Amino acid sequence: MTAPTQVSPSPLGGGPTVSPHRARTLPRRPKQARTYITARELDVLRHAANGATNQNIAHHLGIGVEAVASRMQSAFRKLRVGDRAQAVAVALRLGLLDLSDVVVPDGANQGADTQRDDRGRWVSSLGGVETRTGQ
């Protein structure tokens, strides 16, 4: 068993510091989030990207709901996000997930029969003008 590392208070008051000699021997963390995410965390994120609940994810992966929640929270921390939607968006942006991982349901984006009128407003087939922001 090795002796505990001696630490001293940080000169800036941010907590203990490690001696420079000891710091050279400590393993360094990679700087990019993608190297932190585990395969199981990616599995959980992939299911979340497809709208699965923690209970659904647990069933599909054969693990407990608590394990899913723990893996999700771990992924949130590693990606520095606060919720599932943001975690999926960041994972897609970083290339951890691919758009092909997201299943598009049949009939998606085919619900309302709307089009733009001559003034650029969205008009439904019922004749009413819908209020939408944007283009």
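Described in the following lines is the structure provided in the data block. (Residues numbered from 1 in each chain as written. Predicted model: local features only at pLDDT ≥ 70, side-chain atom pairs only at ≥ 80, totals over all residues. Heavy atoms only, no water.)

**Describing the overall build of the protein**
Consideration 1: A tally of regular secondary structure across the protein gives five helices and four strands.
Consideration 2: When the helices and strands of the protein are read in sequence order from the N terminus, they spell out β-β-α-α-α-α-α-β-β.
Consideration 3: Per-residue burial for the protein yields a buried fraction of 22% across its 135 residues.
Consideration 4: About 10500 Å² of surface is accessible on the protein, with carbon and sulfur atoms providing 52% of the total. (Helix = DSSP H or I, 4+ residues; strand = E, 2+ residues; numbered from the N terminus. Buried < 20%, exposed > 50% of the residue type's maximum accessible area, 1.4 Å probe, protein only. Areas by Shrake-Rupley, 256 points an atom, 1.4 Å probe, with all protein chains shown as cover.)

**With respect to the pattern of salt bridges**
Two side chains bearing opposite charge may form a pair once their charged atoms approach each other closely.
Consideration 1: One pass over the structure, following the stated rule, counts four salt bridges.
Consideration 2: Note that Lys78 and Glu41 form a salt bridge whose closest N and O atoms lie 3.0 Å from each other. Of the two residues, Lys78 sits in helix H4 (residues 65-79) while Glu41 sits in helix H2 (residues 39-49), which places them 37 residues apart along the sequence.
Consideration 3: By relative accessible area, which is 25% here, Lys78 ends up partly exposed.
Consideration 4: We classify Glu41 as buried; its relative accessible area is 4%. (Salt bridge = Lys/Arg side-chain N within 4 Å of Asp/Glu carboxyl O.)

**Thoughts on unusual backbone geometry**
For residues other than glycine, phi is negative in most cases, and the peptide bonds are mostly trans.
Consideration 1: The phi angle at Arg80 is positive, at roughly 60°, despite the residue not being glycine.
Consideration 2: By secondary structure assignment, the location of Arg80 is in the loop between H4 and helix H5 (84-94).
Consideration 3: For Arg80, a relative accessible area of 76% translates into the label exposed.

**Examining the nonpolar core**
Consideration 1: Core analysis: the largest hydrophobic core is formed by 22 residues, its most contacted members being Leu45, Ile57, Met72 and Leu79.
Consideration 2: Listed by contribution, the elements that provide at least two residues to this core are H2, helix H3 (54-61), H4 and H5. (Core = buried A, V, L, I, M, F, W, Y, C linked by side-chain atoms within 4.5 Å.)

**Examining H5**
Consideration 1: Of all the residues in H5, the buried ones are Ala87, Val88 and Ala91. Burial along H5 is one-sided: seen end-on, the buried residues are contained in an arc of 95°. Exposed side chains of H5 directed beyond 90 degrees from the buried face belong to Ala85 and Arg93.
Consideration 2: Capping the start of H5 is the job of one residue whose side-chain oxygen sits 3.2 Å from the backbone nitrogen of Ala85: Asp83.
Consideration 3: Downstream of H5 by a residue or two, Gly95 has a phi angle that is positive, lying close to 85°. (Arc of directions from axis to C-beta. Polar contact = N/O pair within 3.5 Å; in protein donor to acceptor, adjacent residues only side chain to side chain.)

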